Amino acid sequence: MSNPFEDYKPDFCTSGTFMRLPSESDIPKIAILGIPFDTAASYRVGARFGPQAIRQASMCLSSYHALLDVFPFEETNAIDIGDLPVVTQNIHKSYGIIENAMFDLMKRGIVPIGLGGDHSITLASLRAAAKAYGPVALLHFDSHTDTWDTYMDEKYWHGSPFIRAHEEGLIQPKKVVQIGMRGWDITSSLDLEYNVISQNELFTRGIDEVILQAKSIIGDTPCFLTFDIDFVDPAYAPGTGTPEVGGFSSHKTLKLIRSLTDFNFIGFDLVEVLPSFDPTQTTALLAATIVHTFGSLVALKVKQDSIMQK
């Protein structure tokens, strides 16, 4: 009789990669990469340890996504290439490192999933996306718009990536959809012609209606998805840099992400996980589960494309 635990590893045994993914595989469709840069944060720092915490939390996730009916990382030959060697003292050198790594993946048709890090890192990823695909659509989940010009006279910080992306022509403004905003003022985004759906509007209208609107705006345009964990209420995700009360529960957040099945995603990131403010690791576990769902969305599209080609 065979031993069912012959190839089993306890959940606490890790290879150091997301869900023990290999660092290389044949024709991968997904690549996980850590982007541990956090010195553009305006309040709490420590998100440089986010990738490590998310990977550790991922050890207890199932290889199968029951609701989307895919094995996300097996069906895409996914890899985890580790953390990028960012320069904590220099955001512009770090941007160059991030952009080069992201572009190298995108030009080969690989969908990167970045683990942040603070939200400033997304500007470098959008530079890579625009180089690979031209100006892209952006689907942005957050409690802040991150379209504020400067902070203490600094133009590059975690509150400005999406005004800088507009200035650099990296995105199509009318195909930017920002969902969940409840912190500060949204005027700066409206001035840029972005579509802003506040947390209150999301609660009132419901997930289905809001995502249908986002799909009608973005269509099949190559789209980058960025998710700030402070989109979620701090009761469910306390480990973040600038928490805002009044957000979604983890249950509704996962339902929302699972509904994003008809977009042409060319890249993702998940940012602002700050593990030192959550000793329970609940935030990291939720982040890992969201990343698992990102992978499932890609796997589902790969499966659908394969069926259509037959």
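Shown above is the structure to which this text applies.
Because the structure is predicted, anything quoted here is derived from the model rather than measured.

Describing the overall build of the protein
Then, number 1: Helix and strand content of the protein: 9 helices and 8 strands.
Then, number 2: Over its C-alpha trace the protein gives a radius of gyration of 18 Å, about what one expects of a compact globule, namely 19 Å for 310 residues.
Then, number 3: With respect to the principal axes defined by its C-alpha atoms, the protein has extents near 65 × 45 × 40 Å.
Then, number 4: A sequence separation of at least 24 residues applies to 78% of the contacts in the protein between residues at least 6 apart.
Then, number 5: When the accessible surface of the protein is totalled, it reaches about 13,200 Å², and 54% of it is carbon and sulfur.
Then, number 6: If you average the places of the 24 positive and of the 37 negative side-chain charges in the protein, the two averages end up 4 Å apart.

Quick look at the side chain of Glu244
Then, number 1: Its place among the elements puts Glu244 in the loop between strand 7 (223-228) and helix 8 (250-258).
Then, number 2: It is Arg182 that comes nearest to the buried, bridge-free Glu244 among opposite-charge side chains, at 5.6 Å.
Then, number 3: Separated by 2.9 Å, the side chains of Glu244 and His144 make a polar contact.
Then, number 4: When residues no more than four places from it in sequence are discounted, the contact partners of Glu244 are Ser143, His144, Arg182, Gly183 and Pro234.

So, the packing of helix 8 against helix 9 (residues 282-309)
Then, number 1: With their axes 10 Å apart at the nearest point, helix 8 and helix 9 run at an angle of 15° to one another. In this view, helix 8 runs roughly parallel relative to helix 9, as classed from their interaxial angle. Of the two elements, helix 8 crosses helix 9, and the hand of that crossing is right-handed. Counting all contacts with helix 8, which are made through Ser250, Thr253, Leu254, Ile257 and Arg258, the residues of helix 9 involved are Leu286, Thr289, Ile290, Thr293, Phe294 and Leu297.

Structural notes on the sheet that holds strand 6 (residues 195-198)
Then, number 1: Across the sheet, which stays open at both edges, the 8 strands sit in the order 2-1-3-8-7-4-5-6 with parallel pairing between neighbours. The open sheet terminates on both sides in strands that have one partner only, identified here as strand 2 (79-83) and strand 6. On average, adjacent strands in this sheet sit at an angle of 15° to one another, irrespective of strand direction.
Then, number 2: Across the sheet, helix 7 (residues 207-218) lies against strand 4 (136-141), strand 5 (171-181), strand 6 and strand 7, angled at about 170° from strand 5, the strand it touches most.
Then, number 3: Across the face of the sheet, helix 9 comes into contact with strand 1 (30-35), strand 3 (111-116), strand 7 and strand 8 (265-271) while running at roughly 180° to strand 8.

Brief notes about the pairing of strand 8
Then, number 1: Extensive coverage of strand 8 is indicated by the burial of 7 of its 7 residues.
Then, number 2: Summarising the sheet, strand 3 and strand 8 pair through 3 bridges and their orientation is parallel. Within strand 8, the position partnered with Leu115 by the bridge is Leu270.
Then, number 3: One crossover worth recording links strand 7 to the parallel strand 8 by way of helix 8, and it is right-handed.

Here's the deal with the nonpolar core
Looking at soluble globular proteins, one finds that nonpolar side chains tend to be buried together.
Then, number 1: By size, the foremost hydrophobic cluster in this structure holds 57 residues, and its most contacted members are Phe18, Leu139, Phe141, Ile179, Phe227 and Leu260.
Then, number 2: Among the elements that line this core, the one with the most residues is helix 9, at 11 residues.
Then, number 3: Setting aside anything within four residues of it in sequence, one finds Phe141 in contact with Ile179, Leu225, Thr226, Phe227, Asp228, Phe231, Leu256, Ile257 and Leu260.
Then, number 4: Among the nonpolar cores identified, the runner-up in size contains 36 residues, and Leu84, Ala101, Ala130 and Ile266 belong to it.

Considerations on the pattern of salt bridges
In a structure, side chains of opposite charge can pair up when their charged atoms sit close to one another.
Then, number 1: On inspection of all chains with the given rule, the structure shows 14 salt bridges.
Then, number 2: Salt-bridge contacts for Asp104 lead to Arg108; the nearest nitrogen and oxygen are separated by 3.0 Å.

Observations regarding the packing of helix 1 (residues 50-57) against helix 9
Then, number 1: Running from amino to carboxyl end, helix 1 crosses helix 9 at an angle of 75°, the nearest separation of the two axes being 8 Å. Classed by the angle they form, the pair helix 1 and helix 9 counts as roughly perpendicular. Two secondary-structure elements touch here, helix 1 through Ala53, Ile54 and Ala57 and helix 9 through Ala284, Leu285, Ala287 and Ala288.
Then, number 2: Looking at the contact of helix 1 with helix 9 residue by residue, the classes come out as 7 nonpolar, no polar and no charged.

A look at the packing of aromatic side chains
Then, number 1: If you walk through the whole model with that rule in mind, you get 11 aromatic pairs.
Then, number 2: Centre to centre, the rings of Tyr95 and Tyr156 are 6.2 Å apart; their planes meet at 70°, and the pair counts as edge-to-face. Here Tyr156 lies in the loop between strand 4 and helix 4 (161-167) and Tyr95 lies in helix 2 (residues 91-106), a separation of 61 residues in the sequence.
Then, number 3: Between the aromatic rings of Phe263 and Phe265, the centroid separation amounts to 5.4 Å while the plane-to-plane angle is 20°, which identifies the pairing as stacked.
Then, number 4: Under the relative-accessibility criterion, Phe263 is labelled buried at 4%.
Then, number 5: The exposure class assigned to Phe265 is buried, which follows from its relative accessible area of 9%.
Then, number 6: Here the aromatic cluster, defined as three or more aromatic residues joined through ring pairs, consists of Phe141, Phe203, Phe227, Phe231 and Phe248.
Then, number 7: In this arrangement the basic side chain of Arg44 is found over the ring face of Phe277, its NZ or CZ atom lying 3.9 Å from the centre.
Then, number 8: The side chain of Lys131 reaches across the aromatic face of Phe103, ending 5.0 Å from its centre.

Reading the values: rules and limits
- Per-chain numbering applies: the sequence of each chain, read as written, is numbered from 1 onward.
- Since the coordinates come from a predicted model, pLDDT governs what is reported: local features require at least 70, and pairs of side-chain atoms require 80 or more to be given and counted, while whole-chain, interface and lining totals use all residues.
- As a rule here, side-chain values come from all non-hydrogen atoms in the structure, and water together with hydrogens is ignored.
- Helix and strand definitions follow DSSP, with helices as H or I runs of at least four residues and strands as E runs of at least two, each counted in order from the N terminus.
- Just to be clear, the radius of gyration here is over C-alpha atoms, and the globule rule we use is 2.2 Å times residues to the power 0.38.
- Here, residues are in contact when the closest pair of their heavy atoms is within 4.5 Å.
- The accessible surface values rely on the Shrake-Rupley method and a 1.4 Å probe; as for residues, cover is taken only from the protein chains in view.
- In this tally Asp and Glu are treated as negative and Lys and Arg as positive; neither His nor the chain ends contributes.
- Charged groups are reduced to one reference atom each: NZ for lysine, CZ for arginine, CG for aspartic acid, CD for glutamic acid.
- Remark: exposure states derive from per-residue accessible area (1.4 Å probe, protein chains only) relative to the maximum for the residue type, with buried under 20%, exposed over 50%, and partly exposed in between.
- Any Lys or Arg side-chain nitrogen located within 4 Å of an Asp or Glu carboxyl oxygen qualifies as a salt bridge.
- We call two N or O atoms a polar contact when they sit within 3.5 Å, provided that within protein one can donate a hydrogen and the other can accept it, with sequence-adjacent residues counted only if both atoms are side-chain atoms.
- Only the stretch in contact is used when a helix axis is fitted, and all axes are lines through C-alpha atoms; the angle between N-to-C directions ranges over 0 to 180 degrees.
- Here the angle decides the label: under 35 degrees means roughly parallel, over 145 means roughly antiparallel, 65 to 115 means roughly perpendicular, and every other value means oblique.
- Should the near helix be turned anticlockwise from the far one by less than a right angle, the crossing is left-handed, and should it be turned clockwise, the crossing is right-handed.
- Here, a strand pair is defined by DSSP locating no fewer than two bridges between the strands.
- Every crossover in which the path from the first strand over the helix to the second runs clockwise, viewed with the strands pointing away from the viewer, is termed right-handed.
- Only buried residues count toward a nonpolar core, which is a set of Ala, Val, Leu, Ile, Met, Phe, Trp, Tyr and Cys residues joined through side-chain atoms within 4.5 Å.
- Under the scheme applied here, ten amino acids are nonpolar (Ala, Val, Leu, Ile, Met, Phe, Trp, Tyr, Cys and Pro), four are charged (Asp, Glu, Lys and Arg), and all others, including Gly, are polar.
- Side-chain rings of Phe, Tyr and Trp (the six-membered ring for Trp) are treated as a pair once their centres are within 6.5 Å; stacked means planes under 30 degrees apart, edge-to-face means over 60, and tilted covers the remaining angles.
- Criterion for a charge above a ring: Lys NZ or Arg CZ within 6 Å of the ring centre, and within 35 degrees of the ring normal.

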